[in-house]
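Here's the letter readout for the chains.
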Amino acid sequence: MDPAVPPPGRRTALSSCPAVPPPGRRTALSLCPAVLRLHRRWRCRVTEGEMAAREGGLEQDLSVKYSQVLRLLENQLGILWAGLEEMEKAQTYLEDAESLYNQYTKEIGTPPLDTHEHFLGEEERLSEQERHKRFEKVYTHTLYYLAQVYKHLDMNEKAAWYCHTTLQRQLQFTHYNPVEWAINAATLSQYYITKQLYMEGRLCLAAANVIINQAGGTSSESPAEESEEERDHRDQLQQKRAEIARCWIKYCLNLLQDSRKLLEDDVGEMDWDRQEELKIRLKKEEEEKEQGRKSAVMFGSSETFDLIQSVEEKVSCVYPVDFSKARDVFLVGQNYVQEAKEFFQLDDHVTDHIEVVQDHSALFKVLAFFEEDQERRCKMHKRRIDMLEAVYTELNPQYYLLVCRQLQFEIADTYYEMMELKVSIANRLDELDSHNIKKINHLAQSAIMYYTLFLDSLKNSEKKFPERLEADVLRPALVCKFRIGWLYSKMITSDPKLQLTNLQQSVECYRFVVDYCEMQPEAAKVMEPELELCVEMATLLPARMEKLKAKIVAFS
Amino acid sequence: MNGKEEAAGCERIVEMDVNLGQVSIRNPKGSPTELPKSFRFDAVYESSCRQSELYDETVRPLVDSVLQGFNGTVFAYGQTGTGKTYTMQGVWAEPEKRGIIPNSFEHIFTHISRSQDQQYLVRASYLEIYQEEIRDLLNKDENKKLELKEKPETGVYIKDLSSFVTKNVKEIEHVMNVGNQTRSVASTNMNEYSSRSHAIFVVTVECSELGLDGENHIRVGKLNLVDLAGSERQSKTGVQGERLKEATKINLSLSALGNVISALVDGKSTHIPYRDSKLTRLLEDSLGGNAKTIMVATIGPASCNYEESLITLRYANRTKNIKNKPRINEDPKDALLREFQEEIARLKAQLERRGMLSKKRRKSQRKIILEGEEIIDEGEETEDNIEKDMENYLKEQKETLEKEKVAIQDDHNLVAEEKQKLLEEKEKMMEDLKKEQEATEQLAAKFKVGQ
């Protein structure tokens, strides 16, 4: 026996084992005392085990059992040695640990002794269940570390899968904080929706809804008796639920918008052929999906599984192809808007509240695409205007400049949409009477007003329009001018003098765009489709104006 | 480089080009062919620069705008020993060596003392953000955590943050000292404290002026002086590797799973349920929009500080490029473009019709109308054609006159008076031309009516 290593007693073995982490790792290791302990024990055990094996004292299969476990630990710890910046090395170690685990569970089945158990007597050892738990926990960590490594190696898809698996395991082995878990699942859903993986996204969100309900409610009966701590906790919980609601809103919005992209023609209207194609495609996929479901990573134990499924059933994960299906998704989204707004009220959470309102407006906008009746479409846009104007008037532009600009632009755009719809309706029904004309003109004026407000917001402290626009407002600003020009020329009036004034305004707008693009070539690049139209209009409109002038003279 | 650095045998690896605004840093361990990395900034200052130079050139305009009622922020970032404290604080007692902070205070109160028709009120607050918790450095109850809230009228604010009215430089200096003391107590109690907490000193300047309308107009400007965390770099991680990567640590605790997941999400069309950092939210309107921002980054020239200097330069460079989140969402409106094209086609068609016909009969038409005597039977011609011809003719005349006008103006040989006279003549001719145009229009109109 090697005199340097004492015989395996109980405590003595533990205390005299060398445990020398390399310098510099001390910080990292100090964060994880459990790992440190394991490492120390491992070091001892390996030495002992090898010696014992040499002496033939141990059963063959026990040494296999524990050496594998220990190697698993070693690999996990390998990431610390490998250097926190050598990702490929870390990846190798961890993948090794992963395959070891898989091999072990397949070939051997029963959980191995947890490392420290080797030092304990029979009675003190863990129950099989507990042992199993700890063993699995180590593996969960391995998966979690792998997720990080893959992220650093820019292998996002793999990283996401490993995150998902980590979450699943946390539930399976009931080792989690419900609020934290729910938020993580909701965040992961957002990854899935950017990849158009709506089934997986829905699964994560539904699970989030179910798990957060496991978080304890207040213990005291009435709000008055609540302690400050309990109130804080309740507020926190409310906030987290509202955050999950916002993730749901994005789910519904993206599902509708992605569907629209597949269905629209080159002028943004429903393409009936594409609709047919999509219907057929979806039917085919439905059959495949049923099978795919089984291989997807499901969440939870048997109790939670049913609960999750019942939440999933409330909303589709399939692209809506027509108005009725779109409306179903819309309504789910709208419900979550209301839920989110309950917590994110304007008065304390301005930015969050406005983002929720903007999402609500976007829901209406995309629903309008699916709506065939123009009058009903108009009503949807009216709802948008009402909600956007309501928040806009509350904001102080000095502190919310950028948000105000967003709102101005969107409100103007919406008025424009409404105007176009009204014109189309009136023409179709042959009802271009004075009442409708007034309405149309009013809508055009409102759009012009908001586009102008946007342009005014770009002026400097001396109220002058900047010579050179910043890159992120360049195109929006020029587009404003372009649209204002168009709107002026669309105003309906029988008074030629007024018509002339309108045309004059129109020409000036187009000229502004042309002149600016001439001076700043990068603007020309950004305004490509619109610029040549402006150039044409700037030369054609004056001729039209001359004609009008003559008319005026004739009738005067 | 200082004595210690020279003694240690470090070499100078940083070069500054003040004119270009460029800083270059050379890797001391790199191969001879490895190019130095350059960073461009709005202004760079050498160690030989005076405090007042820096202040007057870079900071003074920002404080001026605060006095006008706008917000301004000065960020300071840098390792100890690189002169960050000297730049920001300097030596208060010696006027020549005062840093940005005492100079700003001096600037503000001097301006106030010189003002005649305005009333000023200056308040000071001092807070810090540590591990996403906000603490009031001027409050004896150090453990109270403050909430960040927003009001639509006034923007982001910190609830229950104490502020003190200060009437002169001494008073505001005192406030700052009190806060600094609170901060240093905390740093002795906790390791790496000052390297992880951001400190923000806020000077609010309220100006009230009696306007022409007899009403009191109030404008409020805020000056944020931010000492950024992370300036004290931890002892090197022991990695002797040449590549310097930030934040690639594997987090051992499962509680960081959320960070890993949110790093996977592309923020554009999604909601990530983790709050924006408190620092960003608090200074949001400084990082974009109308407010002015200055980032002061200090680095050491010696080779032994290569890694830290590089980090500082990169950090400062990133800050320059911060784009604020709210972007204008533009709906392309292809339908509009199509309508536009149709309208243009329509207008063009109209013009061509007129254009074609007018070419043929131009000469004779013109003659007739000018003489005003005969009216020929035009047949297919419409009144548009006459007008179009007239237009073209007048246009040509106008153009010629314009050209002559320009020629006159450009002609340097002409004496001023002569020039003026000639220009007046040209003006008169333009007038006549105009009258002619009106006359022809009337004629054309009469003609129309007659038809």
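This one's a predicted model, so the numbers in the text were calculated from it and none came from an experiment.

(A) Main features of the overall build of chain A. Scanning chain A from N- to C-terminus turns up 21 helices and 0 strands. Expressed as a percentage of the 556 residues in chain A, the buried residues total 52%. Taking the contacts inside chain A whose residues are at least 6 apart along the sequence as the reference set, 71% of them involve residues at least 24 apart.

(B) Local environment of the pattern of salt bridges. This model, assessed by the stated rule, comprises 35 salt bridges over all chains. As a salt-bridge pair, Glu343 of chain B and Arg544 of chain A come within 3.5 Å of each other at their nearest N and O atoms. Taken together, the residues Glu343 of chain B in helix 10 (residues 334-371) and Arg544 of chain A in helix 21 (residues 528-555) connect one chain to another. Judged by relative accessible area, which is 23%, Arg544 of chain A ranks as partly exposed. For Asp227 of chain B, the salt bridge goes to Arg183 of chain B, with nearest N and O atoms at 3.6 Å. Of the two residues, Asp227 of chain B is situated in strand 12 (residues 216-227) and Arg183 of chain B in helix 5 (residues 169-189); the sequence distance between them amounts to 44 residues. Asp227 of chain B sits in the partly exposed class, given a relative accessible area of 25%. In this structure, a network of salt bridges that share partners links the residues Arg246, Asp352 and Glu355 of chain A.

(C) Molecular detail of the packing of aromatic side chains. All names here are of chain B. As enumerated under the stated definition, the model contains 23 aromatic pairs over all chains in all. Pairing Tyr126 with Phe201 gives two aromatic rings, centres 5.0 Å apart and planes at 90°, and the pair type is edge-to-face. In this pair, Tyr126 is assigned in strand 5 (residues 118-130) and Phe201 in strand 11 (residues 197-210), connecting sequence segments 75 residues apart. Residue Tyr126 shares its accessibility class with Phe201, and that shared class is buried.

(D) Highlighting the environment of Leu282 of chain B. Residues and elements named next belong to chain B. Residue position: Leu282 is located in helix 8 (residues 278-282). With 238 residues separating them along the chain, Leu282 and Val44 place their C-alpha atoms 27 Å apart. Dropping the residues within four chain positions of it, Leu282 is found in contact with Leu127, Ile129, Leu148, Val156, Ile158 and Ile200.

(E) Structural context of helix 21 of chain A. With 28 residues, helix 21 of chain A extends 41 Å from end C-alpha to end C-alpha; this agrees with the ideal 40 Å at 1.5 Å per step. Approximately 25° is the largest bend angle found in helix 21 of chain A, and it occurs at Ala538 of chain A, with the proline Pro542 of chain A only one to four residues beyond.

(F) Highlighting the confidence of the model for chain B. Residue and element names in this part refer to chain B. For chain B, mean pLDDT is 74; residues scoring 70 or higher make up 67% of the total. Counted against residues more than four places away or in other chains, residues 231-247, with its pLDDT under 50, gives 27 contacts. Contacts of residues 356-384 to residues separated by more than four positions or lying in other chains number 27 contacts, the stretch itself having pLDDT below 50. Across the assembled chains, the prediction reports ipTM 0.79 with pTM 0.76.

The rules we used
Residues numbered from 1 in each chain as written. Chains lettered and ligands numbered in written order. Predicted model: local features only at pLDDT ≥ 70, side-chain atom pairs only at ≥ 80, totals over all residues. Heavy atoms only, no water. Helix = DSSP H or I, 4+ residues; strand = E, 2+ residues; numbered from the N terminus. Buried < 20%, exposed > 50% of the residue type's maximum accessible area, 1.4 Å probe, protein only. Contact = heavy atoms within 4.5 Å. Salt bridge = Lys/Arg side-chain N within 4 Å of Asp/Glu carboxyl O. Phe/Tyr/Trp six-rings, centres within 6.5 Å; stacked < 30°, edge-to-face > 60°. Expected span 1.5 Å × (residues − 1). Bend = angle between axes of the 7 residues up to and from the residue. pLDDT = per-residue confidence, 0-100.

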